[in-house]
Amino acid sequence: YFDSDAFILPDKSGQRLKRLETMWQLEALGKWHPYFFLNEPKAAKAYPFPEYPCVQGSHVLLEPNSNVSARYRAMLQDPPNPAFSACGGKDQKALSYVFPHCSALRKDLWRIFRYGGKGGNATACDIVLEEEVPVDELHFFFYQFKEVRVEKFSLQQFWGGDCTSCILNGKTCKYPNMFTEACHKKIIELWWERIMQLPSSTANMCMHHLGANLNNVDEACYNK
């Protein structure tokens, strides 16, 4: 399982696919011992709960099993006291509870570049402009890319919104937006290229939820 805001980059050399396949070659450890990227363990907030490892729910290699599924569903119906673990996020708490004995995926097995948009260095995504991008995946934090208000203006969300048609047609958008760097445009082009390869019904659903307008070139774009 990969997070829905994880984007696997194009693979010109075929090396990325080979790296992905190495995950499937990992030794099977049984249904209760999946592989995760792990965070540091954190102490439980209340006695007598034990210390749990903190897993990342963004990348999971799990052997399908009906008993595991049943336990996970039962936990969702009757969740444990949230004080049992100091792990952050609802998914980390739940996965740590269901799989207290998991194994760590090596960090170098799958190279992830985390990009938080307006937080931190705005040009950090220049990495995607390289001929052979030295990472396998862009992991976004969607909650940081929503439409925001600056003074009296509303900035179009990072994924396009009313500016999507301009981005895809190589034009400048008239509306205030977040697309300030060349790497922003490259990421969005790659993103929409992938979306438009989906079945039409799925692509239309994505466009709707992303608030994209693909039919407003004359209204939204400058003719350059």
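This text follows the structure it describes.
Residues numbered from 1 in each chain as written. Predicted model: local features only at pLDDT ≥ 70, side-chain atom pairs only at ≥ 80, totals over all residues. Heavy atoms only, no water.

## Some points on the pattern of salt bridges
For clarity, the cut-off: Between Lys or Arg on one side and Asp or Glu on the other, a salt bridge is scored when a side-chain nitrogen of the former is within 4 Å of a carboxyl oxygen of the latter. Going along the chain from the N terminus, every DSSP run of H or I of four or more residues is numbered as a helix, and every run of E of two or more is numbered as a strand. Per-residue accessibility, obtained with a 1.4 Å probe over protein chains only, is compared with the maximum for each type, and a residue is labelled buried under 20%, exposed over 50%, and partly exposed between these values.
Counting across every chain of the model gives five salt bridges. Of the charged contacts in the structure, one is a salt bridge between Glu131 and Lys12, with a shortest N-O distance of 3.4 Å. With a gap of 119 residues between them, Glu131 in the loop between β5 (112–115) and β6 (137–140) and Lys12 in the loop between β1 (6–8) and α1 (15–24) connect regions that are remote in the sequence. You'll find Glu131 and Lys12 in the same group, each marked exposed. Residue Lys185 pairs with Glu189 through a salt bridge whose shortest N-O separation is 2.3 Å. In this pair, Lys185 and Glu189 both sit in helix α5 (residues 182–195), four residues apart, roughly one turn of the helix. When its relative accessible area of 28% is taken as the criterion, Glu189 is described as partly exposed. A single salt-bridge network, built from bridges that share partners, covers Arg16, Arg19, Arg111 and Asp136.

## With respect to the state of the cysteines
Stated formally: The disulfide definition used here is simple: a pair of cysteine sulfur atoms within 2.5 Å.
Evaluation of the coordinates by the stated rule reveals three disulfides. Note on cysteine connectivity: Cys125 is disulfide-linked to Cys183, with sulfurs 2.0 Å apart. An S-S torsion of about 60° defines the bridge between Cys125 and Cys183 as right-handed. On the criterion of sequence distance, the pair formed by Cys125 in the loop between β5 and β6 and Cys183 in helix α5 is long-range, its members being 58 residues apart. Just as Cys125 is buried, Cys183 falls in that class too. Bridging Cys163 to Cys173, the disulfide has an S-S length of 2.0 Å. One quick way to see it: the torsion about the S-S bond of Cys163 and Cys173 is about -75°, and its sign makes the bridge left-handed. Pair noted here: Cys163 is in the loop between β8 (153–155) and α4 (164–168) and Cys173 is in the loop between α4 and α5, with a separation of 10 residues, a long-range link. The exposure classification of Cys163 matches that of Cys173, with both residues buried.

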